[in-house]
Amino acid sequence: MSALVSPAVTRSTISGGDAAGGWATLRRGLQLSPALREGLGVTLLLAVVATLGSSVIPVVIQRTLDEGLLGDTGVDRDRVWLYLGMAGVVVVVTAVAGYAMKYRLFRSSEQGLADLRIKAFRHVHDLPVLTQDTERRGALVSRVTSDVDQVSLFLQFSGLLVIISIGQLVVATAIMSFYSWQLTIVVWLCFLPLIISLRLTQPRMTRAYAKVRSSVGDMLSAVSEPVVGASVVRAHAIAGRTQARIDASIGANLSANIRAQRLVAVTFASAGLAGGLANGGVVVLGVLLGLAGELSIGGVVAFAFLVSLFVGPVTTATQVITEAQNAIASWRRVIGVLDTPADVVDPGEDGSALPTGPLPAQVRHVTYAYPSGPVVLRDVDVDIPARARIAVVGETGSGKTTFAKLLCRLMDPDQGHVTIGGVDLREVSFASLRGRVVMVPQEGFLFDATLAENLRYGKPGASARELRQAVEDLGLADWYAALPAGLDTEVGQRGESLSAGERQLVALVRAYLANPDLLVLDEATSAVDPQTELRITAALNRLLTGRTAVVIAHRLSTAEQADEILVFDGGRLAEKGNHHDLVGAGGTYARLHASWVAQSHLATG
Amino acid sequence: MSADTLAGAADRPGEGATGKGFRILGHGIRLQWRMFSIAVLGSLVYGALTVADAWVLGWATDHVIVPSFERGRLETGLALVTVGLFVAVATLRALGVIARRLIGGLVYYRLQAQYRRAVTRRYLELPMSWHHRHPTGQLLSNANADVEATWGVMMPLPMALGVVAMLVFAVVAMLFADVVLTLVGLVVFPLLFVINVGYQRLLSPRVARAQQLRAVTSEVAHESFDGSLVVATLGRAAAETERFARVSYQLRDANISAGRIRSVFDPVLEALPSIGVLLVVALGVERVMSGAAEPGDVVQVAYLFTVIAFPVRAFGWVLGELPRSVVGWRRVRAVLDATGEATYGTERLPGDGPLSLSVDHVGYRYPDSSTAVLRGVVVDVEPGRTVALVGLTGAGKSTLSSLLIRLFDPTEGSIKVDGVDLRALSHESLAGAVALVPQHTFLFDDTVRENVTLGLPVDDSEILEALAVAQAQGFVQALPGGIDSRLGERGTTLSGGQRQRLALARALVRRPRLLLMDDATSALDPDVEARILAALREHSRAGGATVLVVAYRKATIALADEVLFLRDGRIVDRGPHAELVARSAAYRDIVDAYDTAREAHVDGEVRP
């Protein structure tokens with residue numbers, strides 16, 4: 001994911017688990033989600049009250065026992081009832097403060113993180129990586145889903161617990177010092193080895209959990225083999241091999257989980273061990289101190305109580321610190337998305353509008369390389385007159401798709417510039433650009449909704465009549481009539497209830513509704529049945545009429561009838577001209593054409 | 001372990017969800033009873049020693065602290081015994097914690113692994129028709145999230161059982177200290193338990209709803225990012241953000257609603273033991289005043305209260321997990337109980353070289369469908385011939401090629417190669433002799449080499465040769481690691497045409513005696529397709545394979561010695577392409593469709 005992370009974020013990622021990185025993340029996180037800060041002071045105040053209360057209650061109880069029951073003068077009933085009354089008030093105040101604090105925290109963190117999630121989602125749509133690197137999409141989805149969920153769990157549970165635990169440790173230490181500073185030191189000395197060893201085991205813990213996560217990824221991938229690849233597994237009789245791969249990945253996941261569990265169990269247990277040691281030490285040294293006149297009997301017993309106040313928060317803190325680190329890493333990833341500058345920036349209000357009417361385009365000495373990749377377009381220079389029909393031809397990887405994307409400003413060239421209607425594309429506001437310059441991708445991507453909703457992606461708010469008219473204009477009335485529920489037909493996930501050809505038809509109608517002046521079209525390659533093929537061809541012809549059109553041609557038949565053909569080869573514009581001239585020139589195009597003619601006419605003879 | 005044993009805990013009519021949940025627990029315990037017993041033992045030790053800790057403190061108060069103060073000195077022996085007791089109790093308790101958490105975790109993770117293996121094993125055994133009836137996402141979650149949900153309850157279970165013991169210990173210890181004060185415990189502990197159950201009952205539907213909304217949020221993000229090209233060029237990013245914001249806010253509200261329940265119950269559950277202690281002290285004062293109890297007894301009971309308060313919640317965790325467990329189990333069971341394994345024979349195909357193919361009155365009807373896809377299909381292909389299957393979408397071409405590799409079995413008639421019924425052949429023998437190249441293939445998250453060989457022991461020269469025939473050597477060599485480059489999720493993305501070429505190489509490297517190509521070159525540029533077809537012709541002439549190819553394009557059809565024309569599940573005509581063109585108007589319509597499409601906008605240009 002390095003390509004996605006800005007330099008500043010990369011640095012803090014490298015500095016990994018250290019506190020500075022964590023604090024920086026926290027600060028930036030709070031800055032990005034203002035709702036998290038709203039009323040934070042009150043929430044923290046309530047947290048202090050709740051923490052104080054939960055620490056004070058045992059002390060009050062202990063003093064009740066000490067002074068009221070075990071006092072030198074025997075049982076002091078009035079004092080007991082006074083203390084019990086006070087304790088009762090503290091219990092109620094603590095519970096109410098606890099409720100108010102938690103509820104406020106849930107509300108503000110959910111609000112803040114929902115805003116963060118939405119902000120990150122919006123930003124992802126501005127990132128070029130989304131349209132360039134399809135493999136990274138899954139990772140981007142997790143930035144706005146599971147990563148945000150992690151942060152939310154952290155803020156509401158472990159983060160809060162860490163703060164409360166530390167608060168309780170401070171309070172416990174203060175109360176203990178009030179009784180006896182010597183015994184306080186004894187308790188701290190008993191826990192010191194644990195705290196030191198925690199700092200040492202922390203990196204191991206982090207690694208162990210990282211291993212668990214990666215083993216889950218491997219396992220999911222292996223498990224998908226017999227499901228997604230069912231027919232391959234069956235056809236090649238590789239069930240045994242597949243099962244072995246799955247079993248291995250499940251085994252790896254099992255042992256990674258157990259390794260992590262072992263570390264957790266041992267740290268958890270050693271906290272208890274330190275507690276036992278502290279208890280014994282306190283009793284023995286407490287008696288010695290008592291004999292020296294420094295402490296009462298009650299003081300010693302009180303201390304034994306206080307040690308348990310110490311063990312609880314230490315155990316909790318050891319457990320949640322690992323979770324906290326994972327959460328901080330998640331937060332950092334979400335922030336990383338937001339801090340990645342959008343390569344293609346909308347000039348917005350400051351931008352100019354495209355002139356009305358059909359649009360010409362000029363591509364001037366354009367060079368483009370994908371980030372940390374090879375140069376895919378080199379010094380391309382083309383003039384596209386308004387209303388011209390241009391075919392782009394070339395082998396896979398020749399740069400023709402990149403050329404098309406630059407025309408729609410899905411990215412900006414590294415060198416040179418693209419102008420449409422005489423305006424540099426970088427200066428055109430998106431409000432004016434999108435809708436007037438439209439690209440129809442190769443695979444007609446549809447959303448899991450009705451046909452009508454999908455068509456309205458082209459023209460928001462279009463009436464049902466307009467939609468049906470568009471279908472008719474493209475000559476698709478007979479196809480439409482055969483749909484089970486007309487405009488209300490559900491197209492299914494990614495449009496899979498429709499055939500590939502039908503999806504392409506919907507994409508064409510959608511583009512027609514957008515009514516662009518420059519249309520960039522990546523011709524579909526997958527074979528559809530001849531009837532649909534004819535429909536697509538006819539609809540396409542009507543769609544292109546009167547517009548400037550750039551078509552990435554996979555079928556040379558499309559190229560034959562273009563006003564001009566651009567032939568790309570290895571990132572360069574190798575040839576340009578009309579069909580006749582290029583066939584005559586005997587270059588790359590002539591070769592491609594000859595082999596295509598040979599194929600399609602072999603059989604007809 | 002057989003799927004049969006794992007299936008356990010059968011449904012009983014009229015049984016409630018909680019009863020069902022307990023039976024799942026019982027089943028999990030039976031499968032891992034040794035480890036589970038150790039975990040529970042650890043939990044018991046932990047519980048007993050937590051109580052013992054209070055007892056040691058009480059003992060130290062009465063026998064060490066008070067007497068030492070009275071005597072004015074601390075005996076060394078006594079000091080050592082005190083420290084020794086505390087440390088011994090803490091050590092034993094630590095061991096208990098390790099047993100409970102580590103061994104308890106082991107039980108949970110092992111059950112998960114065991115069931116994941118069992119579920120995926122079923123995926124490999126169940127027939128394609130079963131796979132087709134179940135959405136991919138569902139099957140993936142059956143093996144993962146559902147297994148996890150089923151056994152999630154095993155994690156807190158040893159703790160909860162240990163708590164039972166702890167409660168018993170505590171109550172006994174209290175009874176020894178003071179009977180009346182114990183009564184407070186007998187009121188407070190059940191109250192804690194009841195509140196906890198109510199808490200979980202209120203919480204779990206809210207958590208489930210949040211979980212479901214989380215899935216919806218993820219789906220919207222996935223879809224929106226997948227459609228990014230459409231979203232970008234149509235300028236719909238703002239509208240998409242609105243759509244995402246709607247579900248995000250629903251998720252926010254669901255989380256807040258669950259959070260509200262938590263905010264109410266957590267402080268109550270924390271306060272209750274404190275109130276119990278206050279009650280004990282209040283009552284205790286009166287008891288001590290009346291001489292019915294010693295101050296030490298009151299201290300001990302009070303301490304027991306604070307110690308027990310937290311672990312009692314483990315009950316709530318178990319009960320809260322149960323409904324999730326029942327749902328997960330039902331889904332997992334649906335896979336384990338599915339029937340209809342694909343069965344194979346034991347015969348092997350003798351000899352080598354191209355196979356003859358004989359399809360005898362074959363009919364096929366998809367399960368739950370009333371119309372037949374294939375009807376009375378009769379085909380005889382001599383060894384080494386190349387046959388093209390031509391027909392409109394839905395004519396049954398893909399179904400027929402699937403039957404030839406036994407992805408499905410015909411519902412009528414039989415299929416033989418070299419005179420042997422396909423169903424009599426062993427799976428290995430069939431897969432070794434017949435290879436299918438589909439239009440869309442699955443690539444494994446592995447290297448190019450592994451994706452081609454799929455574990456077949458072949459040397460590099462054979463892999464390279466297969467790649468060469470499939471016109472894939474060029475792009476494979478251009479990959480950073482050549483044939484050792486990783487593909488898939490964490491590797492290189494291949495285009496549709498590149499995937500098709502790898503699928504072809506995958507089939508060719510097996511040296512099939514019958515090669516089935518189901519529209520396998522559709523995503524290729526014409527130029528590349530032509531090179532493949534030429535190479536394939538060379539290849540099949542040299543190696544000798546019978547080839548059956550499903551095709552639309554004339555160039556593909558041109559490869560064939562003979563054409564089978566399929567319409568509505570029947571073979572309506574067969575013969576050389578030229579003859580079919582001459583005598584069948586319907587056939588002409590189909591194969592000329594591309595040319596017709598082309599001529600529609602060529603405007604009468606004259607071509608050779």
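*Asks:* So what exactly am I meant to see when it comes to the overall build of chain B here?
*Replies:* What chain B contains, in helices and strands, is 22 helices and 10 strands. The C-alpha atoms of chain B give 36 Å as radius of gyration, which overshoots the globular expectation for 608 residues (25 Å, by more than 25%). A principal-axis box enclosing the C-alpha atoms of chain B has dimensions of 120 × 60 × 55 Å. Taking contacts inside chain B between residues at least 6 apart in sequence as the whole, the part at least 24 apart equals 79%.

*Asks:* In this structure, what is going on with the pairing of strand β3 (residues 389–394) of chain A? I would like to understand it.
*Replies:* Side-chain positions along a regular strand alternate between the two faces of the sheet. Residues and elements named next belong to chain A. β3 sits mainly inside the fold: five of its six residues count as buried. The pairing of β3 with strand β8 (residues 548–552) spans four bridges and is classified as parallel. Residue pairing for β8: Val392 is matched across the bridge by Ile552. Of the pairings in the sheet, the one linking β3 to strand β9 (residues 564–569) comprises five bridges and is parallel in character. Across the sheet, the residue bridging to Val393 is Val567, located in β9.

*Asks:* Looking at this structure, I do not really get the sheet that holds strand β1 (residues 361–369) of chain A. What am I missing?
*Replies:* Whenever strands of a sheet pair, they do so through backbone hydrogen bonds, lying parallel or antiparallel. Residue and element names in this part refer to chain A. Across the sheet, four strands lie side by side as β2-β1-β4-β5; this open sheet has antiparallel pairing. Two strands bound the open sheet, and with one partner strand each, they are β2 (375–384) and β5 (423–424). One ladder, built from five bridges, connects β1 with strand β4 (residues 415–420); its direction is antiparallel. From the neighbouring strand, Val363 faces β4, where its bridge partner is Val418.

*Asks:* Is there a simple way to explain the domain arrangement of chain B in this structure?
*Replies:* Interface size, as often reported, equals the accessible area lost upon joining of the parts. In terms of domain boundaries, chain B breaks down into domain 1 (17–336) and domain 2 (357–599). Relative to domain 2 of chain B, the C-alpha centre of domain 1 of chain B lies at a distance of 56 Å.

*Asks:* For this particular structure, what's the right way to read the domain arrangement of chain A?
*Replies:* The domain architecture assigned to chain A consists of domain 1 (7–179 + 327–342), domain 2 (181–294) and domain 3 (361–602). Summarising the inter-unit geometry, the C-alpha centres of domain 1 of chain A and domain 3 of chain A are found 52 Å apart.

*Asks:* Looking at this structure, how should I read the nonpolar core?
*Replies:* Nonpolar side chains in soluble globular proteins tend to be buried together. Judged by nonpolar contacts, the single largest core of 241 residues is most densely connected at Val281, Val298, Ala302, Val390 and Leu516 of chain B. It is helix α4 (residues 76–125) of chain B that provides the largest number of residues to this core, a total of 21 residues. Setting aside residues up to four positions removed in sequence, Val298 of chain B forms contacts with Leu65 and Leu69 of chain A together with Leu181, Val280, Val281, Gly284, Val288 and Ala293 of chain B. Judged by nonpolar contacts, the second largest core, of 80 residues, contains Leu498, Val520, Leu573 and Leu582 of chain A.

*Asks:* Whenever I open this one, the pairing of strand β7 (residues 518–522) of chain A confuses me. Can you help?
*Replies:* All names here are of chain A. Judged by how many residues are buried, β7 sits mostly within the fold: five of five residues are covered. Taking every second residue as pointing to the same face, both faces of β7 are buried, with Leu518, Val520 and Asp522 on one and Leu519 and Leu521 on the other. Note that strand β6 (residues 437–440) and β7 share four bridges and pair parallel. What sits directly across from Val437, in β7, is Leu518. Two strands pair when backbone bridges link them, and β7 and β8 are joined in this way by five bridges, in the parallel orientation.

*Asks:* Is there a simple way to explain the sheet that holds strand β5 (residues 420–421) of chain B in this structure?
*Replies:* Residue and element names in this part refer to chain B. Strand order across the open sheet formed by four strands is β2-β1-β4-β5, with antiparallel pairing between neighbours. Two strands bound the open sheet, and with one partner strand each, they are β2 (372–381) and β5. Looking at chain direction, strand β1 (residues 357–365) and β2 are connected through six bridges and run antiparallel. Residue pairing in the sheet places Arg365 in a bridge with Ala372 of β2.

*Asks:* Sorry if this is basic, but what is going on with the confidence of the model for chain B here?
*Replies:* A low pLDDT score tells you not to read the predicted coordinates there in detail. Averaged over every residue, the pLDDT of chain B is 84; the share at 70 or more is 92%. Within the model, the stretch residues 597–608 of chain B combines pLDDT values under 50 with 13 contacts to residues more than four positions away or in other chains.

*Asks:* I'm lost on unusual backbone geometry in this one. Help?
*Replies:* Across the chain, the bulk of peptide bonds are trans and the bulk of non-glycine residues have phi less than zero. A positive phi angle, near 45°, is found at His365 of chain A, a position not held by glycine. Mapped onto the elements, His365 of chain A comes out in strand β1. What makes His365 of chain A exposed here is the crowd of 12 C-beta atoms within 10 Å. The backbone of Gln471 of chain B shows a phi angle near 55°, a positive value even though the residue is not glycine. Residue placement: Gln471 of chain B occurs in the loop between α16 (460–469) and α17 (473–478). Gln471 of chain B gets classed as buried once you count the C-beta atoms within 10 Å, which come to 26.

Rules used in this analysis
- Residues numbered from 1 in each chain as written.
- Chains lettered and ligands numbered in written order.
- Predicted model: local features only at pLDDT ≥ 70, side-chain atom pairs only at ≥ 80, totals over all residues.
- Helix = DSSP H or I, 4+ residues; strand = E, 2+ residues; numbered from the N terminus.
- Rg over C-alpha atoms; globule rule 2.2 N^0.38 Å.
- Contact = placed C-beta atoms within 7 Å.
- Buried ≥ 20, exposed ≤ 12 C-beta atoms within 10 Å, placed from the backbone.
- Pairing = 2+ DSSP bridges.
- Domains from an automatic or database assignment.
- Core = buried A, V, L, I, M, F, W, Y, C linked by C-beta atoms within 7 Å.
- pLDDT = per-residue confidence, 0-100.

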